[in-house]
Amino acid sequence: QVRLVESGGGLVQAGDSLTISCEVSGRTFSNYSMGWFRQAPGKEREFIGAIAWSSGKTYYVNSVRGRFTISRDNTKNTVYLQMNSLKPEDTAVYYCAAALPPRDQYDYWGQGTQVTVSS
């Protein structure tokens, strides 16, 4: 089994920065993908970016590209989402998820952490 535990959410003001973490434990593989998603009140959960664990290659959707950075620390089995220039519309519950081979689907999810950006 794979377990994901997130931490670091909170209340910030517009323009602030915040970093949230996702610690991965359990059975993993050398080559898998970690994704970040968010769900705002009354909206569908949306994908915002991902990182390939082995290569460190990242991908972002347009709405966060240039403001958010995904990174990982292999020694700590932790992936990070650094969020800069936060906007009120970034307010959401943020989730990390793991896509393991061979399915390569986001089958494993963290519990979510609330990020609230005040104007």
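Up top is the structure.
Computed from a predicted model, the values in this text were never measured in an experiment.

With that settled, the discussion passes to the nonpolar core. Ranked by internal contacts, the top residues of the largest apolar core, which has 30 residues, are M34, W36, L81, M83 and Y94. At the level of elements, β1 (2-7), β3 (18-26), β4 (33-39), β5 (46-52), β7 (68-73), β8 (78-83), β9 (92-100) and β11 (113-118) are the ones that each hand at least two residues to this core. Looking at which element gives the most residues to this core, the answer is β9, with five residues.

Here the focus is the sheet that holds β7. Spatially, four strands are ordered β1-β3-β8-β7 in an open sheet, and the strand pairing comes out antiparallel. Of all the strands in the sheet, just β1 and β7 have a single pairing partner and so form its edges. Here the strands of the sheet are splayed against their neighbours by 20° on average, with no regard to which way each runs. Of the strand pairs in this sheet, β7 and β8 are connected by six bridges, and their pairing is antiparallel. What sits directly across from R72, in β8, is V79.

Where two aromatic rings form a pair, the distance of their centres and the angle of their planes describe that pair. Applying the stated criterion across every chain yields a total of seven aromatic pairs. Here the aromatic rings of F37 and Y106 are separated by 5.2 Å at their centres, their planes lie at 80°, and the arrangement is edge-to-face. With a gap of 69 residues between them, F37 in strand β4 and Y106 in strand β10 (residues 105-109) connect regions that are remote in the sequence. The class of F37 is buried, set by a relative accessible area of 10%. Take Y106: its relative accessible area is 24%, and that puts it in the partly exposed class.

Okay, the pattern of salt bridges next. Following the criterion strictly, the structure yields four salt bridges and no others. Note that R38 is salt-bridged to E46, the shortest N-O span being 2.7 Å. Note on R38: relative accessible area 7%, which makes it buried. When its relative accessible area of 34% is taken as the criterion, E46 is described as partly exposed. For D90, the salt bridge is made with R38, and the minimal N-O distance between the two is 2.9 Å. In this pair, D90 sits in the loop between β8 and β9 while R38 sits in strand β4, placing the two residues 52 residues apart along the sequence. When salt bridges that share partners are traced, they join R38, E46, R67 and D90 into one network.

Time to look at unusual backbone geometry. With an omega of 0°, the peptide bond running from P101 to P102 counts as cis. With respect to the helices, strands and loops of the structure, P102 is situated in the loop between β9 and β10. A positive phi is found at S85, a non-glycine position, where the angle reads about 50°. Position of S85 among the secondary structure elements: in the loop between β8 and β9. Classification of S85 by relative accessible area gives partly exposed; the value is 42%. In the Ramachandran plot, D104 falls in the positive-phi region, its phi being about 55° despite a non-glycine side chain. Tracing the sequence through the fold places D104 in the loop between β9 and β10.

Here is what the cut-offs are and how they apply
- Residues numbered from 1 in each chain as written.
- Predicted model: local features only at pLDDT ≥ 70, side-chain atom pairs only at ≥ 80, totals over all residues.
- Heavy atoms only, no water.
- Core = buried A, V, L, I, M, F, W, Y, C linked by side-chain atoms within 4.5 Å.
- Buried < 20%, exposed > 50% of the residue type's maximum accessible area, 1.4 Å probe, protein only.
- Helix = DSSP H or I, 4+ residues; strand = E, 2+ residues; numbered from the N terminus.
- Pairing = 2+ DSSP bridges.
- Axes fitted to C-alpha atoms, helices over the stretch in contact; angles between N-to-C directions.
- Phe/Tyr/Trp six-rings, centres within 6.5 Å; stacked < 30°, edge-to-face > 60°.
- Salt bridge = Lys/Arg side-chain N within 4 Å of Asp/Glu carboxyl O.

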